[in-house]
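Residue-level structure breakdown
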Amino acid sequence: MSADPIVNISGLNKWYGEFHVLRDIDLEVTKGERIVICGPSGSGKSTLIRCINALEEFQEGEIVVDGIELGPNLKHVDAVRREVGMVFQSFNLFPHLTVLDNCTLAPIWVRNIPKKDAEETAMKFLERVKIPHQANKFPGQMSGGQQQRVAIARALTMNPKVMLFDEPTSALDPEMVKEVLDTMVDLAEEGMTMLVVTHEMGFAKEVANRVVFMDAGQIIEANTPSEFFATPQHARTKLFLSQILR
Amino acid sequence: MSADPIVNISGLNKWYGEFHVLRDIDLEVTKGERIVICGPSGSGKSTLIRCINALEEFQEGEIVVDGIELGPNLKHVDAVRREVGMVFQSFNLFPHLTVLDNCTLAPIWVRNIPKKDAEETAMKFLERVKIPHQANKFPGQMSGGQQQRVAIARALTMNPKVMLFDEPTSALDPEMVKEVLDTMVDLAEEGMTMLVVTHEMGFAKEVANRVVFMDAGQIIEANTPSEFFATPQHARTKLFLSQILR
Amino acid sequence: MGVEARKPPTQIALKLRRALGGKAGWNGVAVQLVFGAILAWIAYEIISNARTNLETQHIAAGFGFLQNSASFDVNQTLISYSGSDTYFRVFVVGVLNTLLVSVIGIFFATLIGFVVALCRLSPNWLVSRVGGLYVEAIRNLPLLFQILFWYLAVLAALPNPRQSVSILGSFFLNNRGVIVPSPLAQPGLVPFLAMLALGLVASLVLRSYARRALFAQGRVIRIWPYVLTLLVGLPLVTMLVFGLPFSFEFPQLKGFNFAGGARIIPELVALTVGLSTYTAAFIAEIVRAGIQSVHKGQMEAGSSLGLSRGTALRLIVVPQAMRVIVPPLTNQYLNLTKNSSLAVAIGYPDLVSVWAGTSLSQTGQAIEIIATTMGVYLLISLFTSAVMSIYGWRLNRSLGA
Amino acid sequence: ADAQTLKTIKDRGTLSCGVSQGLPGFSSPDDKGNWTGLDVDVCRAIAAVVLNDPTKIKFVPLSAKDRFTALQSGEIDVLSRNTTWTVSRDTSLGANFTGVTYYDGQGFMVKKSLKVNSALELNSASVCVQTGTTTELNLADYFKANNMKYEVIAFGTIDEAVKAYESGRCDVFTDDSSGLYASRLKLTNPADHIVLPEIISKEPLGPMVRHGDDQWFDVVKWTLFAMVTAEELGITQKNVDEMAKSDKPELKRVLGTDGNLGEQLGLTKDWVIRIVKAVGNYGESFDRNVGDGSPLKISRGINSLWTKGGLQYAPPIR
Amino acid sequence: MTDITASSFVREDLVAERPAPVKTAGFLGFVRTRLLNSPTNILLTILGLLLIWYTVIPTIKFLLVDAVWSGKDRTACLAENAGHPVGACWPFIQAKFPQLFYGFYPEAERWRVNLTFALGAVLLLPLLIPRLPAKGSNAGLFFFAFPAVAFFLLHGGGITGFGVSWVAGLLQLFADSISGVGEVLVGLSKASAAGPLLWAIGGAIALVGTLLHWVIFPLIWLRDQMQAAGQGLWLDFLITAVIVSVILFMLGGGARAGSRPLIASLATFAGIAAVIKLMGLDHGGMPIVDTRLWGGLLVTLVIAITGIVASLPIGIALALGRRSTIPLIRIFSITYIEFWRGVPLITVLFFATYMLPLFLPGNFTVDGLVRALIGVSLFTGAYQAENLRGGLAAVPRGQEEAASALGLSWWKTTSLIVLPQALRHVIPAIVNSFISLFKDTSLVSIVALFDLLGSLRASFADPVWTTPSTAFTGFAFIGIIYFIFCFGMSRYSLFVEHRLNAHRRN
Ligand SMILES: Nc1ncnc2c1ncn2[C@@H]1O[C@H](COP(=O)(O)OP(=O)(O)OP(=O)(O)O)[C@@H](O)[C@H]1O
Ligand SMILES: Nc1ncnc2c1ncn2[C@@H]1O[C@H](COP(=O)(O)OP(=O)(O)OP(=O)(O)O)[C@@H](O)[C@H]1O
Ligand SMILES: [Mg+2]
Ligand SMILES: [Mg+2]
């Protein structure tokens, strides 16, 4: 379709044992696009995201990230992961390392960047998520919102072309949701390609180019946010939206 | 001041190590009076309440409860505790005992009341807090609001002259706050002397005779609720009220 | 208004009371006095009974006997010992033998324990079942039972010296143990050892250099070829220059047994096998729990950052698992050391066997000998606890928790 | 552990007697837990004189290394457990030997298949021994004196040592030669093993008591002597009642029909009668337990009475 | 940024579920995914199979296939007679079975052992099943009544006195020892520099002792009268019952409390009387079987059960002591715990078995088995204390505060609120230490007590049964026994743990 596909998923099928969790997924993401994926619990959103990052293997189909093909048997895993950053619902910071070390670990050991440079870059990103002064704390000493922002900074230090977010705010207290979403909005404004699993419809309306609705392992509907929220086409989408927007 | 002081605190000073947590507290509570204590977090409200019940010792001053003197070296602790009931923020019900056993434990073991009589009395109080049919459940099987009401009933079974409440509703979900406050209002209407630490200003307005505002370990202001909320005198009180009442 | 914060009153009397009697004040002091009196009375009774009992039997209390010559032999000694040495030397021999079996046992227990833990965590169903079977079977049988069994099995399985299983004519296996050629020092030994040490130090330096290079310049240096050269090459060169560092004295069947060579006695083998397989079952559970305590998301986060599996394990999972593993692991090490006292059942000359056994019955100094025996174990255990608390303290500090 | 052992035993009603954990002929339990043997007979004799009942005994099986501690501590009243009399045991261990029940010497046992005929051919052998015995010390001395190398494997109990020897851990098993014969009975094929001719030590075996209670010491000592004296005088289990009617002054003295020797010991007049009725005289006991009447079939040899050229000699009872 | 026009997409025809292309479920799927899904895994599977082949198969072969099942002595188990390589020699076990289970316990009396363990099982089983009611009285029976009954059943013998006599005896001992200390001090004063001071203190203590003698004189007089009257036991029993019941009645609040405590007390005494009568304890009881004759599984179980029952109170006392603010008690508890945890059990057993009498007064003897029991209990107590400490720490502070706010004293708070909760938390840990205790009983065979392992070792010495496979047969047999007990207990501890966790979740 469009000019510059950076992630191209075609015919993706995945099973957990006998359970068909992803069914014939086709999705093309162009550079700079911001996609929000939503859908009821258990619809396979996380699984899809994790497939893109090769955290899960799949049985059929193909995922191409920035020209690198990720077949069912997971070749090129390392190359793909280097292009893709991921932020988890439960932060998954390394509790035994300081915030700074969390952010320099991968640059040093994967990209072999000198420690000093890595720290400089890390500080730059920590500034961007507005917690440079916490650099020497341990994750356990920070609030959830701060931790999630560190997680975003950590992913950014690897200069990924695509960022994946799996419900980045759902483990947070309401006051902290905003600070994380703000960070993500900033990121979006800088033109980062993003795939975000979230139920924050405000965020979707504000920054998404496209909203993808999944149910029962398949993409039911995809549209621009304005269209999607205003005139949902599919019955399931309507039902879902009626539940989620009060 | 008034005729019938049941709790009389004078010149109370308390330190935690080097930290001066209660400073020159003077407070007189007459029989039947309902006092609400409020103030910012860490101002020493809980500490004050706990001193009255001899859960904490203090270094200077004197507390007289119903004529029994509680000096710095905590004589007469048992006598005082028998006159004073206490309800905690986190309920502190005994999880290994049924609700009924929770309520009969102290009468049986402290007042040596025969088990049958104790159970009758306990049922009476459980009825008063409107959960007689739950008597044989374990605390773990009940909602927070119900647990807190059991805790109130448990304290009442000892026939205290004074009831102390330390933020009885702050660990509760919003729906349950009301049921506990209602119980407390009932109690107040029956003429029980009460000292309540709470941020529920509605409750204060409705039942309190006096509102005491504490900050930094001292009583800053004390007044009738109408005056207190309408025309706070001290700058800190104003600031506090502006924060707490939206 | 506003009351300034003041210093608390001194209240010396109260503090004194607290220090002497705890929360209970003077009551506490009274309780202590009574308790102390009872303890003192018991101690008095014990001592006076022991004294009269010993006196009526004219047994000399004290450690004078340590200087007497022991005049019995011990079949495995780490320091030179013969029957004409003193009892003190017997004591040292016993302690060393206990430490020897503990150290070897700990080494193998850790090794087996980790392997079994990995088996239990393996995605392979069969292998994880085999691991589980091992743990269940070993944990539910008494250790003494297992040591006796191994001793029996080892002895039953091995041939007598004349039918020894021989490997290359220089290693022999029979029911007298494993006999290997023993090294004899030659002139080349000193340079050889020096070079070996040098190689070791150089490798360590190289490693830290490589790490610094990675951190400072982002240069990845493959050090293993150098390390190999240093550790193998250097000593080889010295061997070429100075000749062999040691020659071997080869064991030979002479009379009943092998003469020459060094020997590992079957008692030691059975004991270490018993101790290490037993303790390994417990270690395996500890390690498994430790690894499982590290959240799955940690590994995933590492992978999603592009870390390879090995690096992620090394830098992320293992350090976190170690925090959970190390304290109970030390406990197991301690248990193993204490359990090595079961050596007495199969005739391995450990502390309990040669000291609290043979020496005790030859000298009759029961109190002194049992006290020193317990003291040695107690010291080992206190030392380990001390090290552990320092380790725990440092861990907590580094986590800032 | 004071000077009142005799009274304590009478109060308690049982004699606590330390024996071996199982050495056929000297002290070993049968399938039902009944103890028999030469050492056991000594216990029974003592129980007979003190409590008038040779069954009122608590047998405490002890390994060699535990025995002295048990005696010192008072866990047992008398140690009757093939124990060698040495000066250090008499002094520093705080014990007194009361006499010799069996004159023994240390020997070696080897498998016939080794084709060894003399202990002097044992250079570089592995030797199994029970720890905490004089055997262990003699062994060290003997090999050193003869300039031979050896390996010692010391076990806590005799059974373990024998098992290890049988399973091939050692070439040689060493013990007092009476013990060797007894242990050989426990082997699967006793005929495959021989006892070497060398006797490398003197091993006078006898019961021990604690220091510090002379009365008790006398009781045990004279119980032994009474057994020997009984043999000397021809008093047997069968004829003891008749003998008691005898007019011979010596018999009257010994059997208590005349004088009060028994009472001087703190016992009763008929003490010797009790002993003989309980276990017979020394010769009978020897015969029944280790001699011709037993599977061990050890000849009396130096354990014969002095009148027959042996060493068993009891001081006169008068 | 490029202007991206998102293609609108609606899926009308839902994709139906279909089976995975590669089978990942069912038996084949299981084999494929769990055993053969990668080269390493295939290798591991082969290794695992080899391991099983070389361990399990020979074991089965030894235990069943090649085993000899009947015979009179060793000849049956020799390869030349059996005609095939001989595995387990089961007739050996048949022959030694009584010894392995009862030791030398007289054959005619063995029903007593069986009865005791049947009784124990009947009391223990309902205690272990969480759903059954009346845990309190059940536990009371098991922990207090059962040990007493078991003692008289197993050991035999009767009693001549009851409460009054025992209390009198104990107090007399106490008073005697106080006087004794006083006299010793007075004696010392002659030789010491601080003579007068010692003399004064000694005199004072001796005086206290004398006073005590006077105070308890009535009790002793009563005892002597009863003993003299013959049938002292029943008289004593009656008096004890009356005194105890009255005290309970008073403590329970007198008539106000109603007659329940009185009835309970009387019922308990009636029960005790029934047991005494039934077992004939008043007439000397059953024939005494000396503990030297006990052996095999009997000794193993006696030591393990006594150990656990006795170590619990010790552990509780120490754990509370360790939390105490009173310095001496805390220091003592810590020292005690660290000491016992630092030394090997066999040195403790050696000490208890051979050296204890050295430290006791001359004419004071304790049965050998009892001494091992004491050693084991003191040792296990230290470990239990550490288990319980964890449980105590898991009880929130608020519980204690709530209890004291209700006016409960420290003792009542501890026994009614804190301990019940703490004990619940540590049941799995307690069961686990019971397992290790059960295994550690085997160490008593080193100090010449014949437990299961000791009996087995003793039976190896029997030349009638010496064959190459005897020892392995014996080990296999008692290994199975140990395994059944320990494995059962560890499963039970897992079960309790799951239940506890399920409890905590809601
Ligand atoms: N490892 C697994 N094994 C088996 N089934 C799994 C596994 N992980 C997820 N599933 C199942 O796959 C389905 C999709 O899971 P997924 O986590 O992708 O859903 P989701 O859309 O992210 O839901 P949520 O909003 O709750 O996070 C669910 O039904 C889940 O139960
Ligand atoms: N055990 C203690 N040791 C030392 N300091 C303490 C202790 N308990 C409380 N404090 C300190 O004393 C001060 C007063 O505590 P208190 O609990 O009375 O405050 P509060 O007014 O009840 O606050 P909140 O509204 O948060 O409950 C706080 O600063 C607290 O940190
Ligand atoms: Mg999800
Ligand atoms: Mg508070």
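Refer to the preceding data block for the structure.
Notes on the structure follow. The shown structure was predicted, so the numbers you read here are calculated from the model rather than taken from an experiment. (Residues numbered from 1 in each chain as written. Chains lettered and ligands numbered in written order. Predicted model: local features only at pLDDT ≥ 70, side-chain atom pairs only at ≥ 80, totals over all residues. Heavy atoms only, no water.)

As a further point, take the overall build of chain E. Secondary structure summary: chain E contains 18 helices and one strand in total. In summary, chain E has a C-alpha radius of gyration of 32 Å against a globular reference of 23 Å for 506 residues, an excess of more than 25%. Projected onto the principal axes, the alpha-carbon positions of chain E cover approximately 100 × 90 × 60 Å. For chain E, long-range pairs separated by at least 24 residues make up 71% of all intrachain contacts whose partners lie at least 6 apart in sequence. With an accessible surface of roughly 25000 Å², chain E has 73% of that area assigned to carbon and sulfur atoms. In chain E, the 34 positive side-chain charges and the 24 negative ones have mean positions that sit 5 Å from each other. (Helix = DSSP H or I, 4+ residues; strand = E, 2+ residues; numbered from the N terminus. Rg over C-alpha atoms; globule rule 2.2 N^0.38 Å. Contact = heavy atoms within 4.5 Å. Areas by Shrake-Rupley, 256 points an atom, 1.4 Å probe, with all protein chains shown as cover. Lys, Arg positive; Asp, Glu negative; His and termini not counted. Charge placed at Lys NZ, Arg CZ, Asp CG, Glu CD.)

This paragraph deals with the interface of chain C and chain E. Contact residues are listed per partner, giving 57 residues for chain C and 56 residues for chain E. Approximately 4900 Å² of surface area, both sides summed, lies buried where chain C meets chain E, with 75% of it carried by carbon and sulfur atoms. Summed over the shared surface of chain C and chain E, the number is one salt bridge. When residues of the side of chain C that touches chain E are traced back to their parent elements, those giving at least two are α1 (12–21), α2 (26–56), α4 (125–139), α5 (143–157), α8 (266–293), α11 (351–363) and α12 (366–399) of chain C. Looking at the side of chain C that touches chain E element by element, the count peaks at 14 residues for α2(C). By residue class, the composition of the side of chain C that touches chain E is 39 nonpolar, 13 polar and five charged. (Buried area = accessible area lost by both parts, 1.4 Å probe. Salt bridge = Lys/Arg side-chain N within 4 Å of Asp/Glu carboxyl O. Nonpolar A, V, L, I, M, F, W, Y, C, P; charged D, E, K, R; others polar.)

Attention shifts here to the environment of Ile329(E). If you trace the backbone, Ile329(E) turns up in helix α12 (residues 327–342). Here Ile329(E) falls in the buried class, since its relative accessible area comes to 18%. A C-alpha to C-alpha distance of 36 Å links Ile329(E) and Leu123(E), two positions 206 residues apart in sequence. Residues in contact with Ile329(E), not counting those within four places in the same chain, are Val31(C), Phe35(C), Gly321(E) and Ser324(E). (Buried < 20%, exposed > 50% of the residue type's maximum accessible area, 1.4 Å probe, protein only.)

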